[in-house]
Amino acid sequence: MKHFRTILAALLCAAVVTPSFAQKERTIRFGHLNNTDHPVSFGVKRFTEALATKSGGKMKVLEFPANQLGNESQQQSALQGGVQQMYSPATTSLAGIVKEFGLIDFPFSVSDFEQADALLDGPLGKALMAQLPGKGLVALGFWDLGFRNVTNSKHAVNRPEDLQGLKIRVIPNPVFLESFKALGANPVPMPFAELYGALESKAVDGQENPFSVILSNKFYEVQKYVSATNHVYAANIILVSKKFWDQLTPDEQKWMQEAADEARDAQRQHSRAAARKAVDELKAKGVQFNEVGAQEQARMRDAVKPVVDRFAAQYDPAIVKLYNDELRRIRK
């Protein structure tokens, strides 16, 4: 009888312990603001595939593109509250909770993709991401959005003077506002969802976005001039709700990070190829495209330097020093 009770107790313990070793099925709602033909959507799909493979199909991702889960602030709040699991906004949207993310928006800080990747994947990017868990968010890396460029319905922008007086829609971000003021433009902060209508009605003369965004949102229908100002390198960040992240096992967290790394590399290649293709397609649509020469870009950089210095003085000095040290390193 005693032997029987010992066996029964062992079986009961096994019944309790065994399920904890079984991989739990998880469904991840991944939202973003872009259309399904955008490189961010490509990144979500690659992440979905990689995570499914690593988890043996137990971790499933459902994509919600094109503001389906709300605007930037709504999705960010949903992640912080644990209602939504993942989200990939432009880094700009995080400056409201960690102001040092504004460093990424400084104009003319990097001149090519190699420099951009080195800045974001290196110590600066890691220092910025380390600020997010305290805000209810976990970051898994950065995706490519591309260099931002000016479009308008008035004339080509070849030099700083060509921006004089143009009403340019900008992200509601102080660095963008002050930078375009310094260049002589009249910046108008406006939600992205309202932009096409404002361009069509001539409420604003132009806007600034990466080439793929310009093409995907059909701005060529209401904008004749596309100028490669390359004034800001833009990135998206891969965010996870910390409340969701803390529920994951170490293995699940490892799979998510590895899937994010794989998706990052593929997304960047795809995004940059899409940007090159977008320029050709925009030309085919009839826009007047022009490059901005290095000398005129340098003049623009000089014009916005006081803005950069003013905002840098408002940030954590240690992170600003790291930012400047990293720029010196990657520019060599």
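Predicted model, so just to flag it, every value in this text is computed and none were measured. (Residues numbered from 1 in each chain as written. Predicted model: local features only at pLDDT ≥ 70, side-chain atom pairs only at ≥ 80, totals over all residues. Heavy atoms only, no water.)

S.K.: What should I look at first to understand the overall build of the chain in this one?
M.R.: Helix and strand counts for the chain stand at twelve helices and nine strands. By its C-alpha atoms, the chain is 95 × 45 × 30 Å across when sized along the principal axes. The 332 residues of the chain split such that 52% are buried. Of the contacts formed within the chain by residues at least 6 apart in sequence, a portion of 77% connects residues at least 24 apart. As presented, the chain carries roughly 15,200 Å² of accessible surface, and 54% of it is formed by carbon and sulfur atoms. For the chain, the distance from the average position of its 41 positive side-chain charges to the average position of its 36 negative side-chain charges is 4 Å. (Helix = DSSP H or I, 4+ residues; strand = E, 2+ residues; numbered from the N terminus. Buried < 20%, exposed > 50% of the residue type's maximum accessible area, 1.4 Å probe, protein only. Contact = heavy atoms within 4.5 Å. Areas by Shrake-Rupley, 256 points an atom, 1.4 Å probe, with all protein chains shown as cover. Lys, Arg positive; Asp, Glu negative; His and termini not counted. Charge placed at Lys NZ, Arg CZ, Asp CG, Glu CD.)

S.K.: Even after reading the chapter, I still don't get the nonpolar core, so can you show me in this structure?
M.R.: Counting 35 residues, the largest nonpolar core has Phe101, Leu103, Phe106, Val110, Leu132, Ile237 and Leu239 as its most contacted members. Mapped onto this core, the elements with two or more residues apiece are helix 4 (113–121), helix 5 (123–129), strand 4 (137–152), strand 8 (225–241), helix 11 (294–312) and helix 12 (317–331). Counting residues per element, this core draws most heavily on helix 12, at five residues. Setting aside residues no more than four positions away along its own chain, Leu239 makes contact with Leu79, Gln85, Met86, Tyr87, Pro89, Leu94, Leu132, Leu137, Val138 and Ala139. (Core = buried A, V, L, I, M, F, W, Y, C linked by side-chain atoms within 4.5 Å.)

S.K.: How do you make sense of the packing of helix 4 against helix 10 (residues 250–284) when you look at a structure like this?
M.R.: Pairs of packed helices are described in terms of their axes, by the angle between the two and the distance that separates them. Taken N-terminus to C-terminus, the directions of helix 4 and helix 10 make an angle of 150°; their axes are 13 Å apart at the nearest point. Taken together, the axes of helix 4 and helix 10 lie roughly antiparallel to each other. The two elements helix 4 and helix 10 meet at a crossing, and its hand is right-handed. On helix 10, the residues touching Phe113, Asp117 and Asp121 of helix 4 are Arg264, Arg268 and Arg272. Among the residues forming the contact of helix 4 with helix 10, the class breakdown is one nonpolar, no polar and five charged. (Axes fitted to C-alpha atoms, helices over the stretch in contact; angles between N-to-C directions. Parallel < 35°, antiparallel > 145°, perpendicular 65-115°, else oblique. Left-handed = near helix turned anticlockwise from the far one by under 90°. Nonpolar A, V, L, I, M, F, W, Y, C, P; charged D, E, K, R; others polar.)

S.K.: In this structure, what is going on with the environment of Pro189? I would like to understand it.
M.R.: When you line up the elements, Pro189 lands in strand 6 (residues 186–189). Distance from Pro189 to Val170, taken between C-alpha atoms, is 5.0 Å for residues 19 residues apart in sequence. In contact with Pro189, not counting residues within four places along its chain, are Val170, Pro172 and Leu177.

S.K.: How do you make sense of unusual backbone geometry when you look at a structure like this?
M.R.: Negative phi is the rule for most residues except glycine; trans is the rule for most peptide bonds. In this model, Ala66 sits at a positive phi of 50°, which is unusual for a non-glycine residue. Take Ala66: it is sitting in the loop between strand 2 (59–64) and helix 3 (72–81). Assessed through its relative accessible area of 35%, Ala66 is described here as partly exposed. We note that Asn230 has phi near 50°; this positive angle belongs to a residue other than glycine. Following the sequence through the fold, Asn230 ends up in strand 8.

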